[in-house]
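Summary of the model geometry
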Protein chains: 2
Amino acid sequence: MCDEQGAGFAADAYARMNGLGVVCITYCVGGLKVVNPIAGGYAEKSPIVVISGSPGIKERKKGPLIHHVVKDFDTQQRIFEHVTVSSTVLYNVETAPQEIDRVLNSALKHKRPVYIEIPRDLTYSSVQSGDGRRSGEKGRGEGEHSVADSKRDNTSFSSKGIYKDNFTPEMTEALKEVAAMINSSNNPVILAGVELHRYLIQDKLLSFAEKFQIPVACTLSSKSVISEFHRLYLGLYEGAMGHDSVREYVESSDCLILLGAFVTDLDIGGLASKLDQGRTISITSEKITVRYHSYDGIDFMDFINKISASKDIIPRKQVPVYFKHLYDLEFLPEKDKKITISRLFECLNAFLNDDMIVVADTGDALFGSTDLTIHKRTEFLSSAFYASMGFAMPASIGAQLANPKLRPVVLVGDGAFQMTGMEISTAFRYNLNPIVLVLNNKGYGTERSILDGVFNDIPMWKYNIIPQMLGGDGKGYSVETEAELADALLEAEKNTKSFSILDIHLDPYDKSPALQRLTESLRKKAL
Amino acid sequence: MCDEQGAGFAADAYARMNGLGVVCITYCVGGLKVVNPIAGGYAEKSPIVVISGSPGIKERKKGPLIHHVVKDFDTQQRIFEHVTVSSTVLYNVETAPQEIDRVLNSALKHKRPVYIEIPRDLTYSSVQSGDGRRSGEKGRGEGEHSVADSKRDNTSFSSKGIYKDNFTPEMTEALKEVAAMINSSNNPVILAGVELHRYLIQDKLLSFAEKFQIPVACTLSSKSVISEFHRLYLGLYEGAMGHDSVREYVESSDCLILLGAFVTDLDIGGLASKLDQGRTISITSEKITVRYHSYDGIDFMDFINKISASKDIIPRKQVPVYFKHLYDLEFLPEKDKKITISRLFECLNAFLNDDMIVVADTGDALFGSTDLTIHKRTEFLSSAFYASMGFAMPASIGAQLANPKLRPVVLVGDGAFQMTGMEISTAFRYNLNPIVLVLNNKGYGTERSILDGVFNDIPMWKYNIIPQMLGGDGKGYSVETEAELADALLEAEKNTKSFSILDIHLDPYDKSPALQRLTESLRKKAL
């Protein structure tokens, strides 16, 4: 990557797609550049392994004034402790394999970043191979629990040693209570959250929903957890920003099943959210809660497996679900009509196909995307809760390396592009072929709705000139009208050899339908 | 700035030039992007004030899942504690003025970064004006110790309350001992360090050196602390990388006065440094040390003032100092000769004038700069100890805003430019006119000497196309030969309305004379 910041976002995306991502960085001058991306991974539950070199053990004894050192030799680790679930400095060659296993297990278990630091004079030390088991367990295998093997079998990393056939009293009681609550309800709904992505168990959601015929809504950060063409798909629930029909369906449910979903402000639209805890079952990796009481000591994955296999839950009759996609799958451009954000997303909705993944940056690139119809699952990536600008362009690189069959469609505001967008150079370097849409509204558009001023203006770059800067087969387009947008997208689709970038000129005060709904809802609230 | 990272570096440069810099950032998603620049400010003693917003006190009570939050509400402050000398969250409107004064005083006293966080619902609170005094003191003024007033009068912020006429017993003893050691020496030398820049007391160094006729060497991070044309200027002392004549002069001194200088590896060239502590007086803000013993409780500025005024030190006879500038002040380009790093610096040396400030990024941009003759003082900026890549371009913006009379000459490798170089857009935005020299050696050149491989290669950008991307009056040049370089520099000098950028094509394995000396010295050591 061009800069460590970009490497952090790319590793985050890779982790979201494939279950674990790694970023390797130089001590402090490199490492401290990824604090923000790693913090984002912590906030949004993405298992990223940060690997850093550091001064050698021998050098440390000579004196503290070695270049790249900030305060103490452990300053970098101390900082990362605040944004990781586990960290280690491999001072000791003997215990290194166990330490590495411990930290990697922690990443896989909590789906959050971890930190491994290697003093440089120990880099080439020989160690016994690790066994991937939890500390306290005996025996030493030959890497049979290597990360690659265990990636999609998270239960083997369960912290509490509860395995599939282990019906504890609390498990039995919780399963019974949840089944009874579902059975006695009239209109149960699943609100499927981001953890289903992180634990790579979108399949389990699907089989649970289909088996018992319960409709599914998703949240902003879990968008694409289920195909948006699925018969049981209700739509996106996001409080003030969402559609009335979805909101009413979810909020009037007498049995709301929060599955791996956290009630955050951006995600579920905090301000206007009216979820009734007295009618809610919440199943997350942190806690199982039924109405107002919680069960401790129940493993998340174990519970999901058991509830899916439950014979106590009575499958429901097929329910009528009317999900209205906002946009048609057809877009007829008006030749000389200036492009608007709404029409841009309408056009994009028609353009997307099964082999594309949408990566949206913060701002109206994200809000506007909420109305896009995602074809399959896991084809939408964003920093929807932590909301760090500059995520999308570098993340698209991690995403495409994680799954080369998917072609990234990057939606990024001009403000965010100026932060990390030149990582498009890295995409070019590795022959990736993202289609990058710069939503150029001449500044920090979303901020204008909150407080406007010259501080929201930014310099205009001619983003379509970037391919000239890089040479090669990248293509650039300056887009002002609907027809130009439609044409540029078609050309970009054909240009599979390299990236394409569209500089899409928008009115600074134009808003997506989702942002309009949010504004309208806040306005009503104020009246 | 385009990205918060750039804002951090710019504030650092501003602080180095004017005694205090400020960076304002958004909570977490912005703030955690400046951890690295602020860490650099800590390591290199630059007083930067970080001001961050944060969630409102009322919102925090509702629940923790507000966007931009990582772990806890205080996570950002906890992280910044590791890279600042003082921090505060202004929870309490009553104590806010005192808290702000306490933190600002700390920045001015320690010359290191500090952190101030404001919960957003307290932003418009009215407060009594602060009085700038240390806690424990009585009385409330009307801002008579405001930061602007005190900027160049650091003694009034002394922590220990020792004022000018206060001769404590330890002060008396230390002054006497230092005077005696200087008087009994044959060839005393001052090694002038970075703290003279930070405390803005380059004048005091000059009057001390001139009064007692003691020659002055400087270090990599203090380069330009004295005019390099000054009769008493010896040259740059930097161990293995330095010139033999300077090294021999300094290392053979029987009275080495380290003035505000720290013995770091990059700065003083650690490996080959042979300073004899038994013949050394060290005067820094942290400690006064004579040979092997230290004096506690003596204020740095107070001591500098008193030692400069000492009547016990006998002025020496004028000493012969032979500083040989490596490069002539004249450069005759050979028309079609391919440009090398050595000739580049030779050309630059002839080009520099009194109204320019050199801002050098890490790598050979920095090493090569060591042989440049700086005309006046404080006209050389770099991250010479912390050595963070990406410093120079954004720093040049802070530097020129700090002193608009100086025109920045930015020396930056292509690797570092790809990290933060697009901040040139910010220079463009504010009508600044840096002359940016991209030392384009097709990758991480300095790393190639340590361990080479494809990981040192980076994509080629056509840096000279950037002005087209931005529009306006910026000029770009692609430089391959000596004549092209000389011509481009002359044109750039004339283009005072906007920035100029030179894409200078260098051999990937070319090295500056300084880097060659370093390599040679290490090779000899290995034999």
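Everything quoted here is computed from the prediction, not taken from an experiment.

All names here are of chain A. In space, the six strands of this open sheet follow the order 13-12-14-15-17-16, with parallel pairing throughout. Bordering the open sheet on either side are strand 13 (380-382) and strand 16 (475-479), each of which pairs with just one other strand. Between one strand axis and the next, the sheet turns through 15° on average, direction left out of account. One ladder, built from five bridges, connects strand 12 (residues 356-360) with strand 14 (residues 407-413); its direction is parallel. Counted as the bridge partner of I357 is P408 from strand 14.

Moving on: the interface of chain B and chain A. With 57 residues of chain B in contact, the opposing surface of chain A contributes 57 residues. Of the roughly 5000 Å² buried at the junction of chain B and chain A (both faces included), carbon and sulfur atoms supply 60%. Across the contact surface, chain B and chain A share zero salt bridges. For the pair chain B and chain A, the interface holds 15 residue pairs in polar contact (both at pLDDT 80 or more). For the side of chain B that touches chain A, the elements supplying multiple residues, two or more each, are helix 1 (4-18), helix 2 (35-43), helix 4 (75-81), helix 11 (265-268), helix 16 (414-420), helix 17 (424-429) and helix 19 (466-470) of chain B. Here the element with the most residues in the side of chain B that touches chain A is helix 2 of chain B; it accounts for five residues. Residues that form the side of chain B that touches chain A fall into these classes: 34 nonpolar, 13 polar and ten charged.

Here we take up a negative patch on the surface. A surface patch of like charges, here negative, comprises D336(A), E480(A), E484(A), D487(A) and E491(A). Looking at the element boundaries, E480(A) is found in the loop between strand 16 and helix 20 (482-494).

Let us look at the pattern of salt bridges. The tally for this structure, following the rule as stated, stands at 44 salt bridges over all chains. Here R343(A) makes a salt bridge to E482(A), at a shortest N to O gap of 2.7 Å. A residue pair is termed long-range when its members are at least 10 positions apart, and R343(A) in helix 13 (residues 341-351) and E482(A) in helix 20 qualify at 139 residues. Here D244(B) and R247(B) are joined by a salt bridge, their closest N and O atoms 2.7 Å apart. On the criterion of helical spacing, the pair formed by D244(B) and R247(B) is a turn pair, its members being three residues apart in helix 10 (residues 244-251).

This part covers the packing of aromatic side chains. Going through the model one piece at a time under the given rule, you end up with 16 aromatic pairs over all chains. On the basis of an interplanar angle of 70° and a centroid distance of 5.1 Å, the ring pair of Y199(A) and F300(A) is categorised as edge-to-face. Of this pair, Y199(A) sits in the loop between helix 8 (195-198) and helix 9 (202-212) while F300(A) sits in helix 12 (residues 300-308), placing them 101 residues apart in sequence. Residue classification places Y199(A) among the buried residues on the basis of a relative accessible area of 6%. Consider the rings of F417(A) and Y463(A), whose centres lie 5.3 Å apart with planes at 80°: the pair is edge-to-face. In this pair, F417(A) is assigned in helix 16 (residues 414-420) and Y463(A) in the loop between helix 18 (445-450) and helix 19 (466-470), connecting sequence segments 46 residues apart. The class of Y463(A) is buried, set by a relative accessible area of 0%. Lying across the ring of Y42(B), R112(B) places its NZ or CZ 4.2 Å from the centre.

Reading guide: rules and limits
What you see as residue numbers is a count from 1 along each chain, following the sequence as written. Going through the entries in the order they are written, you letter the chains from A and number the ligands from 1. Only residues with pLDDT of at least 70 get local features here, since the model is predicted, and only at 80 or more are side-chain atom pairs given and counted; chain-wide, interface and lining totals rely on the full set of residues. Side-chain figures throughout are based on the complete set of non-hydrogen atoms in the structure, without hydrogens or water. For two strands to be treated as a pair, DSSP must find no fewer than two bridges joining them. Helix and strand labels come from DSSP, where a helix needs a run of H or I of at least four residues and a strand needs a run of E of at least two; each type is numbered from the N terminus. Here an angle of 0 to 180 degrees is reported between the N-to-C directions of two axes, which are lines fitted to C-alpha atoms, with helices fitted over the stretch in contact. We call two residues contacting when some pair of their heavy atoms lies within 4.5 Å. By definition, the buried area sums, over both parts, the 1.4 Å-probe accessible area that each loses when the two are put together. By salt bridge we mean one thing: a side-chain nitrogen of Lys or Arg within 4 Å of a carboxyl oxygen of Asp or Glu. Here a polar contact is taken to be a pair of N or O atoms separated by no more than 3.5 Å, where protein atoms must pair a possible hydrogen donor with a possible acceptor and residues adjacent in sequence count only if both atoms sit in side chains. Three categories are distinguished: nonpolar for Ala, Val, Leu, Ile, Met, Phe, Trp, Tyr, Cys and Pro, charged for Asp, Glu, Lys and Arg, and polar for the others, with Gly belonging to the last. The patch calculation keeps residues exceeding 30% relative accessible area without a salt bridge and links them within 9 Å when they carry like charges or within 5 Å when they are nonpolar (Val, Leu, Ile, Met, Phe, Trp, Tyr). Every accessible area reported is derived by Shrake-Rupley at a probe size of 1.4 Å, with residue values counting cover from the shown protein chains alone. Neither His nor the chain ends is counted toward charge; the positive residues are Lys and Arg and the negative residues Asp and Glu. Throughout, a charge is located at the NZ atom of Lys, the CZ atom of Arg, the CG atom of Asp or the CD atom of Glu. We call Phe, Tyr and Trp rings a pair once their centres come within 6.5 Å, taking the six-membered ring for Trp, and we label the pair stacked below 30 degrees between planes, edge-to-face above 60, and tilted otherwise. Think of it in three bands: residues with accessible area under 20% of the maximum for their type are buried, residues over 50% are exposed, and the middle band is partly exposed, with areas taken using a 1.4 Å probe on protein chains only. Lysine NZ or arginine CZ positioned within 6 Å of the ring centre and within 35 degrees of the ring normal marks a charge as sitting over the ring.

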